[in-house]
Amino acid sequence: MSAAVEIPPGISERRVVRGGLVVGAGLLTGQALGFIRHATIAYLLGTGPQADALAVAFAPVDFWWAVLATTVIFGFGPLLAAGEGTRGPGFGDLRRTVVLAALLSTVVFQVFAPQIVRLLAPGLPPETARLAAGLLRVTSLGVPAVAWSTLFTALLYSERRFAFPAFHQSMVNLCVIVFAAALSSHGAWGFAAGYAVGGWLQLAAARAFARRTLALRSASEERVGLETLLAGPAPVLCYAALIGLNPMVTRALASTHGPGSTAAFDYCLKLVGVPLAVLVVPLSASLLSEIAPFRLRQDRRAALTAIVRVAAITALAATGIVAVMEAVGPWVVGLLFERGQFGAASTATVSAVLFGFFPVLVAWSVLDVIARSFFSLGRPWAPIAAAGLALAVNVIVSAWMPEGAVRWTGLGAVLGFLSAALLMVAVLVRNRQSHGTEPAP
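Residues numbered from 1 in each chain as written. Predicted model: local features only at pLDDT ≥ 70, side-chain atom pairs only at ≥ 80, totals over all residues. Heavy atoms only, no water.

Here we look at the overall build of the protein
The helix and strand inventory of the protein stands at 17 helices and two strands. Here the protein holds 441 residues, and 54% of them are scored as buried. Across the protein, the fraction of contacts at a sequence separation of at least 24, relative to all contacts at a separation of at least 6, is 86%. Surface exposure of the protein reaches about 18400 Å², of which carbon and sulfur atoms provide 69%. (Helix = DSSP H or I, 4+ residues; strand = E, 2+ residues; numbered from the N terminus. Buried < 20%, exposed > 50% of the residue type's maximum accessible area, 1.4 Å probe, protein only. Contact = heavy atoms within 4.5 Å. Areas by Shrake-Rupley, 256 points an atom, 1.4 Å probe, with all protein chains shown as cover.)

Remarks on the packing of aromatic side chains
Applying the stated criterion to the full structure yields eight aromatic pairs. Ring geometry for Tyr267 against Phe337: centres 5.1 Å apart, planes inclined by 40°, an arrangement best described as tilted. Here Tyr267, found in helix α11 (residues 261–280), pairs with Phe337, found in helix α13 (residues 301–337); they are 70 residues apart in sequence, far enough to count as distant. Judged by relative accessible area, Tyr267 falls into the buried class, the value being 1%. Here Phe337 falls in the buried class, since its relative accessible area comes to 0%. Plain terms: the ring middles of Trp364 and Phe417 are 4.5 Å apart, the flat faces sit at 20° to each other, and that makes the pair stacked. Separated by 53 residues along the polypeptide, Trp364 in helix α15 (residues 360–376) and Phe417 in helix α17 (residues 411–433) bring together distant segments of the chain. Trp364 gets classed as buried once you look at its relative accessible area, which sits at 9%. A residue is classified by how much of its surface remains accessible, and Phe417, at 1% relative accessible area, is buried. Pairwise contacts between aromatic rings join Phe35, Tyr267, Phe337 and Phe342 into one cluster. One cation-aromatic arrangement involves Arg37 over Phe58; the distance from NZ or CZ to the ring centre is 4.5 Å. (Phe/Tyr/Trp six-rings, centres within 6.5 Å; stacked < 30°, edge-to-face > 60°. Lys NZ or Arg CZ within 6 Å of the ring centre and 35° of its normal.)

A short note on the packing of helix α10 (residues 233–254) against helix α16 (residues 381–399)
Between α10 and α16, whose axes approach to 9 Å, the crossing angle comes to 15°. Relative to α16, the element α10 lies roughly parallel. Crossing of α10 over α16 shows left-handed handedness. Contacts between α10 and α16 involve Pro235, Cys238, Tyr239, Leu242, Ile243, Leu245, Asn246, Val249, Thr250 and Leu253 from the former and Trp381, Pro383, Ile384, Ala387, Gly388, Ala390, Leu391, Asn394, Val395 and Ser398 from the latter. (Axes fitted to C-alpha atoms, helices over the stretch in contact; angles between N-to-C directions. Parallel < 35°, antiparallel > 145°, perpendicular 65-115°, else oblique. Left-handed = near helix turned anticlockwise from the far one by under 90°.)

Re the confidence of the model for the protein
Per-residue confidence for the protein gives a mean pLDDT of 80; residues scoring 70 or more make up 74%. The secondary structure element of the protein with the lowest average pLDDT is strand β1 (residues 88–89), at 47, and the one with the highest is helix α4 (residues 126–139), at 96. Predicted confidence is poor over residues 1–13, with pLDDT under 50, and the contacts of this stretch with residues over four places away or in other chains come to 16 contacts. In the predicted structure, residues 436–441 sits below a pLDDT of 50 and forms 23 contacts with residues beyond four places in sequence or in another chain. (pLDDT = per-residue confidence, 0-100.)

As for helix α7 (residues 189–209)
Here α7 is 21 residues long and its end C-alpha atoms lie 30 Å apart, about the 30 Å a rise of 1.5 Å per residue gives. Three or more residues of α7 are buried, namely Gly190, Phe191, Ala192, Gly194, Tyr195, Ala196, Gly198, Gly199, Gln202, Leu203 and Ala206. (Expected span 1.5 Å × (residues − 1).)

Quick notes on the side chain of Thr347
Secondary-structure assignment places Thr347 in helix α14 (residues 344–357). In this structure Thr347 comes out as buried when scored by relative accessible area, which is 8%. Those residues in contact with Thr347 that sit more than four places away from it in its chain are Pro330, Val333, Gly334, Glu338 and Phe342.

Points about the environment of Asn246
Among the secondary structure elements, Asn246 is positioned in helix α10. Accessibility expressed as a relative area gives 0% for Asn246, which makes it buried. Residues Asn246 and Ala390, spaced 144 residues apart in sequence, show a C-alpha to C-alpha distance of 7.6 Å. Here Asn246 is in contact with Ala390, Leu391, Asn394 and Phe417, once residues within four sequence places are set aside. Within the structure, Asn246 has its side chain in polar contact with the side chain of Asn394 (distance 3.1 Å). (Polar contact = N/O pair within 3.5 Å; in protein donor to acceptor, adjacent residues only side chain to side chain.)

Overview of a nonpolar patch on the surface
There is a patch of nonpolar side chains on the surface, built from Val107, Val108, Val111 and Phe112 and spanning about 340 Å² of accessible area. Note that Val107 resides in helix α3 (residues 91–120). Look at Val107 and you get partly exposed, because its relative accessible area is 49%. (Patch = residues over 30% accessible without salt bridge, like charges linked within 9 Å, V, L, I, M, F, W, Y side chains within 5 Å. Salt bridge = Lys/Arg side-chain N within 4 Å of Asp/Glu carboxyl O.)

Examining α17
With 23 residues, α17 should cover 33 Å at 1.5 Å per step; its first-to-last C-alpha distance of 33 Å lies within 8% of that length. When α17 is considered as a whole, its buried residues turn out to be Gly412, Ala413, Val414, Gly416, Phe417, Ala420, Ala421, Met424, Val427, Leu428 and Asn431.

Side note on the packing of α15 against α17
For the pair α15 and α17, the least separation of the axes is 8 Å and the interaxial angle reads 40°. Here α15 lies oblique to α17, going by the angle between them. Crossing of α15 against α17: the hand is left-handed. The residues of α17 that touch α15, namely those facing Val360, Ala363, Trp364, Val366, Leu367, Ile370, Ala371 and Phe374, are Ala413, Val414, Phe417, Leu418, Ala420, Ala421, Met424, Val425, Val427 and Leu428. Residue composition of the contact of α15 with α17, by class: 18 nonpolar, no polar and no charged. (Nonpolar A, V, L, I, M, F, W, Y, C, P; charged D, E, K, R; others polar.)

Re the side chain of Ser149
Relative to the assigned elements, Ser149 resides in helix α5 (residues 143–158). For Ser149, the side chain forms a polar contact with the main-chain oxygen of Val146, separated by 3.0 Å.

Considerations on the environment of Ala147
Structurally, the position occupied by Ala147 is in helix α5. Accessibility expressed as a relative area gives 0% for Ala147, which makes it buried. For the pair Ala147 and Val99, spaced 48 residues apart in the sequence, the C-alpha separation amounts to 6.3 Å. Excluding its chain neighbours within four sequence positions, the residues that come into contact with Ala147 are Trp64, Leu68, Val98 and Ala102.

Spelled out as structure tokens, the structure:
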């Protein structure tokens, strides 16, 4: 049997590459606007109390967005793709489930905002915590819209219509920037208002863009039960939630290191997020509707070998980026953010956090590459176990971290993701050595 990777009938390499390029362009645009958003925060708020409050207020909604986007696109997406041209799950069933969950989360954010802030940032001073609770209530108003528009994104991806959904995040970031500039005299409130308005504008645009697709789908839809609907996305949801909780644990630790540390970690998280997204994301969304036929293969050694190679390349690229950032991190932070209210003291604080946290990029990117591959092969339990291990190690290490150890704020996350990545590599190698007939759970 040949060791070469065979492309099942119906998969077009040109279509995959073209879709990946479009998704990559949208991703880079969204990341660029995200950088401008953080640069605007730095200019107007620096690392002061309002910046700390805003970082905490954005944490739950950003967590919701990250978990939702991963679950909807990689969990519900295959269900929508499976329904193309056949009788498949109704978009209305998916919409009701996702939007209901979003509405319930918004109610929770509105009612329990002070308690959530205390849980996420126990070290915030009382006045800053009150401001964070108010900002959380405003930003959470956009959660239902973001949830609904993300579902339209999955629908359009399933139809290989990448142009509009690839720029999904850009609309919200652009509105945050515009509102923050227009309401600069109101400090952090402009950022929160921009998030809420941007979510609803994105929903309006997504609904209009997907109208034709919805009309074509309506005749082939059938009602499905909630249990059946969630059976596929549930493992993806679990993995995304476990991964998303790691930055929240580290942010909570940062809040105990004094004023400015919470905001400093948020800037560092953005600096890690851009190369992480560029290394992992672009082709994954494009491959979603194309890779399903590989689940039918009985000999998966070639696929597992390809995963090993991609993981190795990812690790080498991430290591190079980390080495550069460790060498010139303070200069990069100063170049990107040091203006307005973000002075030399803010640069020093962010650089200190960055030194200990940025190495997480290597393990995180390797974990994500292998985990997404295992999900594509229909074997989700190893990624879930690895994500759980990462969170457990992060919590344990962070709980023992002394207050004021700003430089080592990210140590728990680094060790957690390193443990998870090593676990996934071990599972991958073991399966490859056993000829890749079936990835172990």
